[in-house]
Amino acid sequence: MEDFFRRLSSSLPRAVWAQYGITLLLVGLTALVRHALDPLLFKYPFLLFIPTIFVIALLFDRGSGYLAVALSGLFSAWFFMKPEGMLWVAEPGDRLAFLIYMALGFGIAGGAHALRRANERLRDYSDRLAAANEEKDLMLHEIHHRIRNDLQQICAQLTLAAHKAGAGAEQDIVSGTIERIGVLARVYVRLRRVEGVNIVSSKDFLESLVEDIQLGVVGVRPVAVIAEVDDADLDMSVAVAVGTIANELITNALKYAFPDGRAGRIELSFRKEETGCVLRVCDDGVGMLSERPQGTGLGGRIMRLLALQLRGSLDIEPRPERGLKATLRFPCCQAASSAGDGPAIC
């Protein structure tokens with residue numbers, strides 16, 4: 001409706017003489033309609049002119065509205081009030097009704113003009129607010145771009161440090177840190193704003209995470225990593241936590257589930273269920289056998305802390321056939337901001 005009035009007002013003439021000409025035309029057409037309906041409206045000489053005055057004052061300005069009131073008063077006195085054909089109202093009651101109508105008409109014209117000006121100010125404020133939001137989004141996009149570049153530089157520096165550290169616990173810690181920073185960088189790549197909230201598509205994010213792991217970590221090993229992800233909008237902090245846990249589970253499976261070049265399969269799924277969101281990572285590796293080596297335990301502690309931050313739970317258990325199944329459950333819709341305002345984002 002607002003767009004309709006904006007297009008209509010922009011298409012109307014701005015010249016005063018044109019506005020007054022259209023006013024005369026509309027009041028004249030209203031008088032013709034009133035004359036045609038005289039058998040039905042003979043007791044109400046002013047009734048049809050009221051909406052015409054309101055529309056004219058709303059579309060043009062107060063002067064056009066006042067002109068419409070004066071013209072409608074002349075038409076009513078000349079054609080529809082006794083004695084007809086004279087600019088004089090004989091009956092005292094009709095004169096009072098005429099004065100009340102004129103006062104009401106001028107009030108309607110002034111009120112419609114004030115409403116029009118208020119709508120214009122509101123529209124101008126809305127346009128300025130939209131421009132400010134667009135500028136803010138551009139600034140945030142630039143900030144995210146710079147942060148992503150900084151994260152990539154940090155990853156490059158940590159990679160060099162890992163190579164210098166050689167084999168051992170130090171290299172595992174540095175490599176794990178690189179992977180976690182990589183998850184954060186992927187979140188920034190796919191970040192977008194909806195109603196002022198930073199969100200990430202779970203499908204694009206997790207599928208790209210699996211694809212990057214398949215290309216960068218698996219390499220030529222005979223291990224397939226498969227992803228089946230429901231599309232949901234995740235708050236940025238939720239996406240970072242879910243992505244970090246998924247990255248830890250998959251990389252742990254690649255490290256420990258398939259020793260000695262064993263072939264296998266890792267399946268990641270993300271589902272929106274009635275009870276909440278469920279992230280599940282399964283492998284068909286060696287399971288919890290003694291031959292499965294263990295790391296430093298830092299990744300496991302990080303995953304459990306992130307699960308607590310999500311107000312969820314993380315369970316790792318053996319599969320009935322072989323391998324392990326890790327399940328993360330957390331409330332699917334969480335507050336988009338700590339202040340409690342904004343839409344609910346999964």
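Our structure's up above, just so we're on the same page.
Below, the structure is looked at part by part. (Residues numbered from 1 in each chain as written. Predicted model: local features only at pLDDT ≥ 70, side-chain atom pairs only at ≥ 80, totals over all residues. Heavy atoms only, no water.)

## Focus on the nonpolar core
Stage number 1. Counting 43 residues, the largest nonpolar core has Leu206, Ile250, Ile266, Leu268, Phe270 and Leu279 as the members making the most contacts within it.
Stage number 2. Looking at this core, the elements with two or more residues in it are α7 (169-189), α8 (202-218), β3 (223-229), α9 (236-256), β5 (264-273), β6 (276-283), α10 (298-309) and β8 (324-330).
Stage number 3. Per element, the largest residue contribution to this core is 11 residues, and it comes from α9.
Stage number 4. Core analysis: the second largest hydrophobic core is formed by 21 residues, Ala31, Ile53, Ile56 and Val89 among them. (Core = buried A, V, L, I, M, F, W, Y, C linked by side-chain atoms within 4.5 Å. Buried < 20%, exposed > 50% of the residue type's maximum accessible area, 1.4 Å probe, protein only. Helix = DSSP H or I, 4+ residues; strand = E, 2+ residues; numbered from the N terminus.)

## Let's talk about unusual backbone geometry
Stage number 1. The phi dihedral of Asp260 is positive, around 60°, even though this residue is not glycine.
Stage number 2. Topologically, Asp260 is positioned in the loop between α9 and β5.
Stage number 3. Of note in this structure, Arg311 is not a glycine but carries a positive phi near 60°.
Stage number 4. Among the structural elements, Arg311 can be located in the loop between α10 and β7 (313-318).

## Considerations on the packing of helix α2 (residues 16-36) against helix α5 (residues 62-80)
Stage number 1. At a closest axis distance of 9 Å, the pairing of α2 and α5 adopts a crossing angle of 30°. As the angle between them shows, α2 and α5 are arranged roughly parallel. The element α2 and its partner α5 pack so that their crossing is right-handed. Mapping the contact onto sequence places Gln19, Tyr20, Thr23, Leu24, Val27, Gly28, Ala31, Arg34 and His35 in α2 and Gly63, Ser64, Leu67, Ala68, Leu71, Ser72, Phe75 and Phe80 in α5.
Stage number 2. Classifying every residue of the contact of α2 with α5 gives nine nonpolar, seven polar and one charged. (Axes fitted to C-alpha atoms, helices over the stretch in contact; angles between N-to-C directions. Parallel < 35°, antiparallel > 145°, perpendicular 65-115°, else oblique. Left-handed = near helix turned anticlockwise from the far one by under 90°. Contact = heavy atoms within 4.5 Å. Nonpolar A, V, L, I, M, F, W, Y, C, P; charged D, E, K, R; others polar.)

## Observations regarding the environment of Leu59
Stage number 1. Here Leu59 is to be found in helix α4 (residues 49-59).
Stage number 2. Taking the C-alpha atoms as reference points, Leu59 and Ala112, 53 residues apart in sequence, are found 8.8 Å from one another.

## Notes on the pattern of salt bridges
Stage number 1. Summed over all chains, the structure comprises 10 salt bridges.
Stage number 2. Ionic pairing is found between Glu228 and Arg271, a salt bridge with its closest N-O pair at 3.0 Å. Here Glu228, found in strand β3, pairs with Arg271, found in strand β5; they are 43 residues apart in sequence, far enough to count as distant.
Stage number 3. Where salt bridges share partners, they join Arg116, Arg117 and Glu120 into one cluster. (Salt bridge = Lys/Arg side-chain N within 4 Å of Asp/Glu carboxyl O.)

## Quick notes on a nonpolar patch on the surface
Stage number 1. A contiguous nonpolar surface patch, about 310 Å² in accessible area, is contributed by Leu25, Leu29 and Leu32.
Stage number 2. With respect to the element layout, Leu32 can be found in helix α2.
Stage number 3. A relative accessible area of 57% means that Leu32 is categorised as exposed. (Patch = residues over 30% accessible without salt bridge, like charges linked within 9 Å, V, L, I, M, F, W, Y side chains within 5 Å. Areas by Shrake-Rupley, 256 points an atom, 1.4 Å probe, with all protein chains shown as cover.)

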